[in-house]
Structures are given as structure tokens and as C-alpha cells.
Number of protein chains: 2
Amino acid sequence: MPIRSATAIAHPNIALIKYWGNLDDEWTIPSANSLSMTLGELFTKIHLIADEQLECDLLMIDGALAPPAAQARVSQFLDYVRVYSGKALFCRIESSSNFPRGSGIASSAAAFAALALASAKVFGLPTDPQELSRLARLGSGSACRSIYGGFVEWIGGQDHQSSYAIPIAPPQHWALVDCVCVISTAHKSVSSREGHRLAKTSPLQPCRVQSAPQRLEICRRAILERDFEQLAQVVELDSNLMHSVMMTSQPPLFYWQAETFVVMEEVRRWRSEGEAVCYTIDAGPNVHVLTLAECAQKIQDRLSHLSGVQEVIVAPVGGPAVFVEDEKPA
Amino acid sequence: MPIRSATAIAHPNIALIKYWGNLDDEWTIPSANSLSMTLGELFTKIHLIADEQLECDLLMIDGALAPPAAQARVSQFLDYVRVYSGKALFCRIESSSNFPRGSGIASSAAAFAALALASAKVFGLPTDPQELSRLARLGSGSACRSIYGGFVEWIGGQDHQSSYAIPIAPPQHWALVDCVCVISTAHKSVSSREGHRLAKTSPLQPCRVQSAPQRLEICRRAILERDFEQLAQVVELDSNLMHSVMMTSQPPLFYWQAETFVVMEEVRRWRSEGEAVCYTIDAGPNVHVLTLAECAQKIQDRLSHLSGVQEVIVAPVGGPAVFVEDEKPA
């Protein structure tokens, strides 16, 4: 093997048109296309070392041995890599992030996007973005979008080959900022993965899925035309739709908390007063508040004064997943 | 005219399977059947006097002249009565209730049910319950259910003739209690009437409507079998579905407040701990907490200690709308 180790970094992303529910859970083929903004400054770095001495994969997170569920998930991903490459090598994976876990910033998207790059290089798989996007998807659906910077669409497709992300506008296209309001860092009681499986138990999911392409087109146009008001309306609607499906699943999933609700109300009020601001919420209580770069400081200040907001993490639009100089060449 | 005045009282009701959105807004033909429990001890009394001296209708609420919107709504209702009866008489209407307005207890249901009785008697229209139910519906959709006591289904129908309520179990069938948590008595910014018109702008309304008959059957069976756990699940689901439609209407309607959310969370937690308790929420922030009569005191105590709960009003299952001795015979 010419290369025994590789290092890559990738950014998390925030979905503006949400991914929730699969056509095919095993291959992570989503029920509808989704659209996200890659979050700059925040990143996860993956250093991967293929080691013939290992008898299983070994995942370290921030220097400590990862819990069994995380080990299993990464190993399952590397099983695909081993099958595709025909190389039965186990790996040591060192993961580190510069943003807190449980902050409402999906860490799995950045981690699996970086892992897709690093493992493709080490195992000799194709490293063109579309192929990396497919591969990343197998680790975590939304990871397929973190391969690209800027604004990204995940084309849901019907099977592994047809399900991958494409860029729709580069990072410099529009200076949006995501102010992430951390309400709680408690681990969520139902994982996104389990939530995706429950989506089909909501009576509302068919209507959400059926109407998603229309929202995605409105969102795409709002981004291309830099129309914040249009973006705000469709982004909040799409977030509310996803949470409607969650709250009406059986059993119901309530990710909002009372403090989440307070931030939502304030953001709507500020917008009604003329501020360029809107919210979107993933599978957790924390609120992503989008605004324009020139308003970010003001909005961050206001958010940090709301009761229940523990911290506000600010992220601009970020770039694609990239290889970095390998610190520890084998 | 043999009778010039009449007095009737009716109770409000709480929908267990919600009415939200119409097939026909003008005639108040709902998109789906609904099911409610009539609330005892709380009532609205209507004293109606037809007076040839009057040149328009005159509505008094608790002794004071009612605001123009309420005057107009009652006058519009009496226009139907005048057309059906062929009697062009204007009326003085005296309304009084023993429960606070804006308490989250739908006052229009009780008021129009009582007004249907009183006006049918004064104008010589049929006073059989089915005909009264149709008539009450023209004033306020849910008023058609308040004609009956106990547990009541509103058969949505297709037109005026086919849209009326029927009783499904008498008050004494099951000793349920509604503990109404008053979160805010502020007047709602969007009326239920306007909200019904917005229902069709939510992408989720078709799925909610399409799946409603199944929930109604589960609810009916739970009532007939006195199965609280089954009732709790379907009642909360149905309430969450209606609020999902509200929050995803365009413009969105958010009736929940942060404190509403706290009560919902607590009620779910108590049930998970074994208490017979569930919530349902109408077009406002206040939370109706259903429980069994034997648990009512304990639940009321617990609710009244939650932050944000201003008052807890307790109502058992109530009886039908009835005529009462006319205090002021003409």
C-alpha cells in the first residue's frame, strides 16, 4: 500500500431544507432532496492510520477511546470501505473537533465527511467529490453535503449510485452567518438515526415529503437571488414541518424545549421588526439563527441575553472537506 | 308571536378529536368529523327577547354592551334565524358566563348553543336536538357539539343538512375531568375563525384530514371501553397534529407559549410515571389536562404549582344545553 495514513478536515452543515426520513434506511436513501449551508470555522479533523497489526478498528475522540456505539458506527462505515477497496485492513481513527458535542451542531456530518476523504485516500478509492459524497452518506446521511463548501443540495435519488450531493453556490456567494444558540448540551434521548426510522409513523410525513421539492426550489432561488426574506420564510416553514412530523410520530419526538420556543418567538418578532433573521432547528433543543454577516454581532448579542441561552456559537459559510498535511506519516 | 323571550344555558366543550379547517367556510362544513366532551359546571346563559321596537340586534355581555365584532357575529347568526322563521324581528341578547373569557375554554361554543335554543323557541323553529345542532353550527362550528351532554361526535357532512352532532355516550358513562391550566388570558391575536380559513395553506392539512377518521374511531372506542391510556395517546396525537397544521400555515399560527410547552412536558412525564393524565390544546396557549375524577385533586394541585400556570379551572363531564325558567317574561 503506497499510503498508510491520511488526515482530512470537514465542516458541519446546517440544513435549510431538512432531511428527515428515508426511502431506504439501510443505504440512507432519503425520502426527499435537502439543502444545506456548510458552516465555516467549525471543523472535525480525522487522522486515519491503516495498521496491519490491528485486529479491529479503534476510534479515539479527542484523545480518548470512543464509546462502543461510536466505535461500531465507524467500523460499520469502514466495512463498506473494505468491501469496495478489497483491502481487509483495520484502522486507528483519531477524531478531534473544535466545537462542543451536543451543541446542536451535527458532529456526525463533519466527522463522516472527513472520514470519507481520509479512508478513500488510504484505501485507494476514488476521491472525486461526487464519489466521496456517496461514501460519506453511508456513514451519516447529512455527511454527503459536508463534502462541499457553500450551499449544497443532496439529490436524494433511488439507490446508492443516484444519491449524492452537489454544490449549488460557493461560500463567497452570500455572506450568511449561523448563530447557534446552545440551550442544552444534554445528549439527546432519541438519536437522529432512530428518529429517521420513526418519520414514517407520522400521519404528516407523506404531505411533508410530497411538498418538499417546491420548498427546495424556493430556497434555491432565494439563495441564488440573495433574497433573505424569502429564505427566512421557507427555512422556518421547513423546520416547523420537520418538527411537526417529529412531534406526531409514534412515539412522538419532542426536541424543542421551553427555551427553544422562546428563541423562536424572539426571532420571529425581530424579523417582524425588520431584522434579517430566521431560525432553523435540528434534532435537538438548540436553535440555529441565520442572519447576514453585517448583523451577526448585534444578533449574537441579543441572543446571548435571552434566558436559557447558554452560549452562542457563530459560524460563517464554510468551504469543502479537504486533505491536510499528514502530521504523523506512517 | 306566542313567546317573546326565552332563556337557555349551554356548556362549553373540549374537543378530543379536533375540528380545524372547513370544506365550506360560509356554512361551516368541517373538513373532518370531530369528537368532544361537554364540560359541566361551566356554562353560558343566554336570555333572548324579541322586541318589535328594536331596529337592530343588541348584544349585552355580562351587563355591558358587547364590542362591534361580537354584535356583528350574533346578528349574522340571527339573520339565519329570521330567514328560516320568516319573522323579521330584532332581538336583545343578554349573555353571561360563569367562566373567564380568554381562559382557553371556548366561550363561543356554549354561547351559540344556548343562543340556538333560545332563538329557536322565540322564533318558533324546531327544537329537536339535531335541528338545534345544525342551527348552532351556523354561529360557531363547535357549538353544534354543545347541544348534547357527555361525549359527542360532530358528523361533518357535506352541506347544512348533513352536518350536525350526535351523542356517543352520556355524561355518566365515564367520570373524566378537564383541568384547564390558564397560562394567559390575553386575547388571541388570530381568531379561531380566521385560523380555520388558514388551515388549507398548511402542506400538512391534507394528511391530517385524511387520517382523522381513524383517530376518531380509536378515540370513540377508548371512550366506550373507558381505556384511558388509549384515549391519552390519541388525544395528544390529535392535538399535536392540529398545532402542526397551525404552525405550518402561511402565515404560521403559534398558539403555544413556552409555559404551554412546560405543561405538555410535565403531563407526558407524569403519564410515563403511571398517572392517568393527558393534554389537549385549542387555539390558544392554555392547556386542557384530562384525568380521571379520582385523580383530579392531585393533578390540579400539581398543575397549579407549575411556573406560568395562573389558575386551574376544573370541569367534570357536563350535560346538554337546556331551557331554563325565563326570569324576565315579556
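Note: the structure precedes this text.
These numbers come from a predicted model, not from an experiment.

Parameters and conventions
Residues numbered from 1 in each chain as written. Chains lettered and ligands numbered in written order. Predicted model: local features only at pLDDT ≥ 70, side-chain atom pairs only at ≥ 80, totals over all residues. Heavy atoms only, no water. Buried < 20%, exposed > 50% of the residue type's maximum accessible area, 1.4 Å probe, protein only. Helix = DSSP H or I, 4+ residues; strand = E, 2+ residues; numbered from the N terminus. Pairing = 2+ DSSP bridges. Axes fitted to C-alpha atoms, helices over the stretch in contact; angles between N-to-C directions. Parallel < 35°, antiparallel > 145°, perpendicular 65-115°, else oblique. Left-handed = near helix turned anticlockwise from the far one by under 90°. Contact = heavy atoms within 4.5 Å. Least-squares fit on C-alpha atoms with pLDDT ≥ 70 in both. Buried area = accessible area lost by both parts, 1.4 Å probe. Polar contact = N/O pair within 3.5 Å; in protein donor to acceptor, adjacent residues only side chain to side chain.

Student: Explain the pairing of strand E5 (residues 34-38) of chain B to me, please; I cannot follow it from the model alone.
Tutor: Two faces belong to every sheet, and in a regular strand the side chains alternate between them. Residue and element names in this part refer to chain B. Judged by how many residues are buried, E5 sits mostly within the fold: five of five residues are covered. The side-chain alternation of E5 yields two buried faces, one formed by Ser34, Ser36 and Thr38 and the other by Leu35 and Met37. Inspection of the sheet shows strand E2 (residues 13-17) paired to E5 by four bridges, in the antiparallel sense. Considered in E5, the bridge of Ile17 is made with Leu35. Note: E5 against strand E10 (residues 151-155), four bridges, orientation antiparallel. Across the sheet, the residue bridging to Leu35 is Glu153, located in E10.

Student: Help me understand the packing of helix H1 (residues 68-85) of chain A against helix H2 (residues 107-123) of chain A, please; the structure alone is not making it clear to me.
Tutor: How two helices sit against one another is set out by the angle between their axes and by the gap between those axes. Residues and elements named next belong to chain A. The interhelical angle for the contact between H1 and H2, taken along N-to-C directions, is 30°, at an axis separation of 11 Å. The orientation of H1 relative to H2 falls into the category roughly parallel. Two packed elements cross with a definite hand, and for H1 against H2 that hand is right-handed. When H1 is examined against H2, the residues Arg73, Val74, Phe77, Leu78, Val81, Arg82 and Ser85 are found in contact with a partner set consisting of Ser108, Phe112, Leu115, Ala116, Ser119 and Phe123.

Student: I keep staring at the relation of the copies chain B and chain A and nothing clicks. Help me out?
Tutor: The two chain copies are related to each other by a rotation about an axis together with a translation along it. With an RMSD of 0.0 Å, chain B superimposes on chain A once it is rotated by 180° and translated 0.0 Å along the axis. Both copies of the chain, as the preceding transformation shows, are related through a two-fold rotation axis. Comparing contact sets, 100% of the residues at the interface of chain B also lie at the interface in chain A, consistent with an isologous, same-surface contact.

Student: Explanation requested: the interface of chain B and chain A in the structure shown.
Tutor: Often, the extent of an interface is quoted as the loss of accessible area on bringing the components together. With 24 residues of chain B at the interface, the matching set in chain A holds 24 residues. Summing the contributions of chain B and of chain A, the shared interface buries around 2000 Å²; its carbon and sulfur component is 79%. On inspection of chain B and its partner chain A, the count reaches two residue pairs in polar contact (both at pLDDT 80 or more). Those elements that provide at least two residues to the side of chain B that touches chain A are helix H5 (205-224), helix H6 (228-247) and helix H7 (258-272) of chain B. Of all the elements, H7 of chain B adds the most residues to the side of chain B that touches chain A, at six residues.

Student: What is the right way to read the sheet that holds strand E15 (residues 311-316) of chain B from this model?
Tutor: Within a sheet, neighbouring strands are paired by backbone hydrogen bonds and run either parallel or antiparallel to one another. All names here are of chain B. The strand order across the open sheet formed by four strands is E13-E14-E12-E15, and the pairing between neighbours is antiparallel. For this open sheet the edge positions go to strand E13 (277-280) and E15, each flanked by a neighbour on one side alone. Across the sheet, the mean angle separating the axes of adjacent strands is 25° when strand polarity is ignored. Two elements, strand E12 (residues 176-182) and E15, share six bridges in a ladder whose sense is antiparallel. When the sheet's bridge partners are listed, Asp178 is paired in E15 with Ala315.

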